[in-house]
Amino acid sequence: MGKIIQLSENLSNLIAAGEVVENMASVVKELVENSIDANSTSIKIDLLEAGLNEIKVTDNGSGMSLEDMKMSFQRHATSKIKTSHDLYHIGTLGFRGEAIPSIASVSHFEMISSEGETGNRLFFLKGELKESGSFAPRKGTTIAVRYLFYNTPARLKHLKATNTELSYIMDYVNKIALSHPEIAFVLTNNQRVLFQTTGSNDYLRVLSNIYSLDIIKNMISFEAKNQYFAVSGYATKPMFNRSSRNSITLIVNGRVIKNNKVINAVIDGYKNYLPIGKYPIVFLKIDLDPLLIDVNIHPQKLEVKFTEERNLCSLITKTINEKLQTLSLIPQIKEELKVETTYKYDTLKLKDEAEEKQSLVKEDFVNYINHLVEKKKHSDSIQNSESKKPVLEEKKLPELEYIGQLLGTYLLFQNETGLFMIDQHAAAERIRYERYFAKMSDVKIESYDLLLPITLNLSNKEVLQLQDSFDVFQKMGISFEINEVKTIDIVSVPTWFVEGYEAIYTEEIIKYVLEGQDVSVGEIIDSLAKSLSCKHSIKANKFINQNEITRLMKDLDQCVNPYTCPHGRPTIIQLSQSDIEKMFKRIMS
Ligand code: ZN
Ligand code: ZN
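Values in this document were obtained by computation on a predicted structure and should not be read as measured data. (Residues numbered from 1 in each chain as written. Chains lettered and ligands numbered in written order. Predicted model: local features only at pLDDT ≥ 70, side-chain atom pairs only at ≥ 80, totals over all residues. Heavy atoms only, no water.)

Another point: the overall build of the protein. The secondary structure content of the protein amounts to 20 helices and 25 strands. Nonlocal contacts in the protein, meaning residues at least 24 apart in sequence, comprise 70% of its contacts between residues at least 6 apart. (Helix = DSSP H or I, 4+ residues; strand = E, 2+ residues; numbered from the N terminus. Contact = heavy atoms within 4.5 Å.)

What follows is the structure in structure tokens.
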């Protein structure tokens, strides 16, 4: 009887291992989270060959007695979930009752632990205890996992290339260090330090170990609160972007989580500041009453849902967007004629960062970060003590003197800091876009009746579809009458329609309504405003006179975001005097 239970236990460990132990990163995760549970303030992760030969996690936590050490190899023994009440408190990390026995079943597993007085060592092979003895006491626990998956070749074959596996571990360690800035983490691979934090409890310091100096310098802090949620964090200026959403990190009540709606809310905060397919680097911390977290989501997958999710998302979008509106965002052309926006140069970024970090003497880098942290703290405290309303860093566009038009497309300006170039189409497009968007979104849209109705020829199917969307049109100030099965008469249009363009605008709206039955009115308005502003703005290769230029610059300066067109491309770029001088070798770089 006993043997049968033993067998099935081993088997179920192996099965559980398939679920819990996916790769080296998942082992690191389990071990590190155990260390956190043991109240460690210092956690060291040492890898050999990205963890394939060895994963060793050493902490200075409370440690375990011999009895507790043995207990941790029983399934469910380490689970912290004792009542359903615990499930609501996502702050606690323990969901991992199966982790230790599962990992031990697919590795050579060594555990050394001490509560301070005596130390013990256990060694497991295929999940069975092989050696047990006393060990020099050092408060805390060390777990070494060697030759992972040596007895499950199928799993072993599934692992990715060494550097890919290492990047998964790195990503996890980045995130756990951000969720626990009070813990000092060290990550090494083959004795080389890859990542290190000091446990200073400062997010910016942790971020400075993940991102380059250039990015850290261009991070802005944000903070907001309502009756349910407190959100805070750091976000990069739009010119520092990535091609994937992976650089958006969410921490909820001290835990890294995933939630697509929240990530979309962050991206929405950057709406029109970034080209399509580009994403910001954001660290977002959300604090809330644990009761507002939906517990029906599997915690292992880190997916979390919120009650009041819409409220949370709109708070995030609004906070980030308002913060961006306070910034001056003119990208600079650097000496080597590389636009700092990284719009096109994103792929070069990683290489640049590595070089940049190397070129900075380590001490200088640390000093610089210290300086930066102090400065941010200072400016944050000033901002907090002042009113909540966003304060402009400076006037949005500087005072500029017009020099001339280049290639019939770019307007050249100067001031004492250097040369500025404005893309006339992009600038005009931004101005119109904001106008259209505001007018179309206005709840009290004014419309007027056309003297002569405009007849639009459609198909019988389209006419039927439009009938269903009658209210969408009404919201936008357009009304029409169904003439016969294949045509409609437009009888009134909103006052913001440009005279002579009524039919074109309406057709455009109809196109969006017909194409996107399931999109919101807001989305229709946004893409319509983009498309109309592009069509009706001054094109490249067109001369514009001084009056038009004055008008354009005045209107651009009044935009909420004068720095990019609605598609996220820059409207204005700068070549600074010092960079010009460097190019002409007047000064040494
Ligand atoms: Zn355009
Ligand atoms: Zn555009």
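Within the protein, residue pLDDT values average 81, and 80% of them lie at 70 or more. Of the regions scoring below 50 in pLDDT, residues 336-361 engages in 45 contacts with residues more than four places distant in sequence or in other chains. Counted against residues more than four places away or in other chains, residues 383-392, with its pLDDT under 50, gives seven contacts. (pLDDT = per-residue confidence, 0-100.)

Once that is clear, we can look at the coordination of the zinc ion (ligand 1). Donor atoms from the polypeptide that bind the zinc ion (ligand 1) are His425 (NE2), Glu429 (OE) and Cys534 (SG), placed at 2.0 to 2.3 Å. Donor residues for the zinc ion (ligand 1) sit on one chain with the sequence pattern H-x3-E-x104-C. In this model, the zinc ion (ligand 1) sits 3.8 Å from the zinc ion (ligand 2), the two metals being bridged by Glu429. You can see Glu429 sitting in helix 14 (residues 424-441) and its partner Cys534 sitting in helix 18 (residues 521-535), a full 105 residues away along the chain. Of the residues examined, Cys534 reaches a relative accessible area of 29% and is grouped as partly exposed. (Donors = N, O, S within 2.8 Å, 3.2 Å for Na, K, Ca; no water. Buried < 20%, exposed > 50% of the residue type's maximum accessible area, 1.4 Å probe, protein only.)

Turning to the side chain of Asp202, a few remarks are in order. Within the element layout of this structure, Asp202 appears in the loop between strand 8 (192-196) and helix 8 (203-208). A distance of 3.0 Å separates a polar atom in the side chain of Asp202 from the backbone nitrogen of Arg205. (Polar contact = N/O pair within 3.5 Å; in protein donor to acceptor, adjacent residues only side chain to side chain.)

Moving on, we get to the packing of aromatic side chains. Counting across every chain of the model gives 10 aromatic pairs. With a centroid separation of 4.9 Å and an interplanar angle of 35 degrees, the aromatic rings of Tyr203 and Phe283 are classed as tilted. With Tyr203 in helix 8 and Phe283 in strand 15 (residues 282-288), this pair connects stretches of sequence that are 80 residues apart. Under the relative-accessibility criterion, Phe283 is labelled buried at 2%. Ring pairs connect the aromatic residues Phe73, Phe109 and Phe124, which therefore count as one cluster. (Phe/Tyr/Trp six-rings, centres within 6.5 Å; stacked < 30°, edge-to-face > 60°.)

Moving on: the side chain of Glu429. The side chain of Glu429 sits in the buried core without any salt bridge; Arg569 is the nearest counter-charge, 5.0 Å away. There is a polar contact of 3.3 Å between the side chain of Glu429 and the side chain of His567. Setting aside residues no more than four positions away along its own chain, Glu429 makes contact with Ser533, Cys534, Ser537, Cys565, Pro566 and His567. (Lys, Arg positive; Asp, Glu negative; His and termini not counted. Salt bridge = Lys/Arg side-chain N within 4 Å of Asp/Glu carboxyl O.)

Let's shift gears to a negative patch on the surface. Negative charge collects at one region of the surface, where Glu67, Asp68, Glu115 and Glu117 lie side by side. Locating Glu115 in the fold gives a position in the loop between strand 3 (108-114) and strand 4 (119-125). (Patch = residues over 30% accessible without salt bridge, like charges linked within 9 Å, V, L, I, M, F, W, Y side chains within 5 Å. Areas by Shrake-Rupley, 256 points an atom, 1.4 Å probe, with all protein chains shown as cover. Charge placed at Lys NZ, Arg CZ, Asp CG, Glu CD.)

Judged by side-chain polarity, Leu406, Leu407 and Tyr410 come together as a nonpolar surface patch covering roughly 280 Å² of accessible area. Turning to its location among the elements, Tyr410 is positioned in strand 20 (residues 410-415).

This next bit is on the pairing of strand 12 (residues 248-252). Across the five residues of strand 12, five count as buried, placing the element largely inside the fold. Examined bridge by bridge, strand 12 and strand 13 (residues 255-257) share three bridges and lie antiparallel to one another. Note that in strand 13 the partner of Ile251 across the bridge is Val256. Connecting strand 12 to the antiparallel partner strand 13 that follows it, the hairpin turn spans two residues, and Asn253 within it adopts a positive phi of roughly 45 degrees. (Pairing = 2+ DSSP bridges.)

We now examine the coordination of the zinc ion (ligand 2). Within the protein, Glu429 (OE), Cys565 (SG) and His567 (ND1) serve as the donor atoms for the zinc ion (ligand 2), at 2.0 to 2.4 Å. Along the chain, the residues donating to the zinc ion (ligand 2) fall in the pattern E-x135-C-x1-H. Its relative accessible area of 0% is what places Cys565 among the buried residues. The partly exposed category is assigned to His567, whose relative accessible area is 26%.

Tallied over the entire structure, the rule returns 16 salt bridges. A salt bridge links Arg121 to Glu131; the shortest N-O distance between them is 2.9 Å. You can see Arg121 sitting in strand 4 and its partner Glu131 sitting in strand 5 (residues 128-135), a full 10 residues away along the chain. For Lys271, the salt bridge is made with Asp526, and the minimal N-O distance between the two is 3.8 Å. Here Asp526 lies in helix 18 and Lys271 lies in the loop between helix 10 (260-269) and strand 14 (279-280), a separation of 255 residues in the sequence. Judged by its relative accessible area of 6%, Asp526 is buried. Sharing partners across several salt bridges, the network here consists of Glu54, Glu110, Arg121, Glu131 and Arg146.

Right, let's talk about the nonpolar core for a bit. Of all hydrophobic cores here, the largest spans 108 residues; its most connected members are Val32, Phe109, Leu284, Ile286, Phe306 and Ile316. Among the domains, domain 1 (9-196) and domain 2 (211-325) are the pair contributing at least three residues each to this core. Setting aside residues up to four positions removed in sequence, Phe109 forms contacts with Phe73, Ile100, Ile103, Ala104, Leu122, Phe123, Phe124, Ile143, Ala144 and Val145. Grouped together as the second largest cluster of nonpolar side chains are 31 residues, Tyr433, Val472, Phe480 and Leu528 included. (Core = buried A, V, L, I, M, F, W, Y, C linked by side-chain atoms within 4.5 Å. Domains from an automatic or database assignment.)

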